[in-house]
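Each chain, written out:
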Amino acid sequence: MAKKKKVGIILLSSFLTLALVCFLAVYFLFLHHYRGSQIDNPWREEDDFSISSIATVEKREGEPFVILNLADVQLCDLEDLFHLNKTKEKITDLLERAHPDLITLTGDQTWSNENLISLKSLLYWLDSFEIPYAPVFGNHDCGNEKDSAVLSRAACCDLYEAGKYSLFDRGPSNLGSLGNYVVNVTENGKIVKTLYFLDSGEEERISDEQISWMKWHAEGVKATQGGEAVAGICFFHLPLPEYREAYLRYLAGDASVEALGEVYVTYSLSGSEQNGFFEAAKEVGVTDIVCGHQHGNCFTLKYDGVRLTFSLKTGKLGGTYESEEFALDGATCISFDGDSTKIEPIFSEK
Ligand SMILES: [Fe+2]
């Protein structure tokens, strides 16, 4: 009888321990909200500019610098765990075909409130390629409503900054969002391109503060290059209204809008509202803008002197996008050398 009682106690305590472990795992993986580091690091227009504070990636002389942009990878802990390997297989294939010097990710790397496992897994895996990568936030990276996810924006910043090959920087704390930073591409010590990574928010516009900060950077870089402006590429998630305008003019046969390659538009072209961002970008020498967000669309249209690129959606399509009409899956390759720039989508073959 005593033996039976002992076995009963062991079984009960094992069950309670297992239940507690399960509860803690569910709580810390899916229910707890991680706030992340709250860092007060405001930027002011009168701040001194320091070129050494900007990350750089070196371009090999005489060879094109290749960027592979992954758009809307959209991982989710609960729903997409079983698609993770498939997505990784597709991205590995794209990386092997493009051989990029830099991987950029234009937002919505994750897309739901459950983002801890998927983001950690994605970053750990990206690091294994030993290629620098630079992500921006989309409208879903921190949950379906503002910062409603397990990882808040600041907590995502902590993880992105900890990535071994990550160039991500949360940037100033007073621009209206986090994750605004700059990377310079250098060739023999000379800056040949400035890459601006901006958070385009959640159905919002790029803030006046972000625009002023971008101009401040461009002026600072220019001063270090003997007063010579450096051409720039902007990466952010939500398309500008100019994308819609460019496409409508292209459709109407306006010869001033030039299509570079195929134009795929199978989804709404509504973008964010803006406050003169496009004009400001042109002013500071931006020649290219790369966005994601609208999965069924992929094009590069040269509009008013700027190439506007809708990056090809990467990985699992899901829902409506599985249908043949919307099924665009791959990544977009941007390469440049001197004054020549080539932009082309690479479609998934996996
Ligand atoms: Fe999005």
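Predicted model, so just to flag it, every value in this text is computed and none were measured.

Caption draft 1: The arrangement of helix α3 (residues 116-127) in detail. For α3, which comprises 12 residues, the first-to-last C-alpha distance of 17 Å matches the rise-based estimate of 16 Å (1.5 Å per residue) to within 8%. Counting buried residues in α3 gives 9 out of 12 residues, a clear majority hidden from the surface. For α3, the complete set of buried residues consists of Leu116, Ser118, Leu119, Ser121, Leu122, Leu123, Trp125, Leu126 and Asp127. Contacts from the buried residues of α3 go to α1 (2-31), α2 (84-98), β3 (102-105), β4 (133-135) and α4 (153-162).

Caption draft 2: Spotlight on the domain arrangement of the protein chain. As far as domains go, the protein chain holds domain 1 (1-32) and domain 2 (39-347). Here the C-alpha centre of domain 2 lies 46 Å away from the C-alpha centre of domain 1. Taken together, the contacts link 5 residues of domain 1 with 6 residues of domain 2. Considering only the side of domain 1, the residues that lose the most area to domain 2 are Leu29, Phe30 and His32, jointly responsible for 93% of the buried surface there. Counted by class, the side of domain 1 that touches domain 2 contains 4 nonpolar, 1 polar and no charged residues.

Caption draft 3: Examining the sheet that holds β3 more closely. Strand order in this open sheet of 5 strands is β4-β3-β2-β13-β14, and the pairing throughout is mixed. Both outer strands of the open sheet, β4 and β14 (340-347), are each paired with one neighbouring strand and no more. Direction aside, the axes of adjacent strands within the sheet are offset by 20° on average. Taken together, the 3 bridges between β3 and β4 define a ladder with parallel strand orientation. Bridge assignment links isoleucine 103 to a residue of β4, and that residue is tyrosine 133.

Caption draft 4: Structural detail: the state of the cysteines. Per the counting criterion, the structure on display carries 0 disulfides. With no disulfide of its own, cysteine 333 lies closest to cysteine 298 among cysteine sulfurs, the gap being 12 Å. On the basis of relative accessibility, which here comes to 8%, the residue cysteine 333 falls in the buried class.

Definitions and limits used
- Residues numbered from 1 in each chain as written.
- Predicted model: local features only at pLDDT ≥ 70, side-chain atom pairs only at ≥ 80, totals over all residues.
- Heavy atoms only, no water.
- Helix = DSSP H or I, 4+ residues; strand = E, 2+ residues; numbered from the N terminus.
- Expected span 1.5 Å × (residues − 1).
- Buried < 20%, exposed > 50% of the residue type's maximum accessible area, 1.4 Å probe, protein only.
- Contact = heavy atoms within 4.5 Å.
- Domains from an automatic or database assignment.
- Buried area = accessible area lost by both parts, 1.4 Å probe.
- Nonpolar A, V, L, I, M, F, W, Y, C, P; charged D, E, K, R; others polar.
- Pairing = 2+ DSSP bridges.
- Axes fitted to C-alpha atoms, helices over the stretch in contact; angles between N-to-C directions.
- Disulfide = S-S within 2.5 Å.

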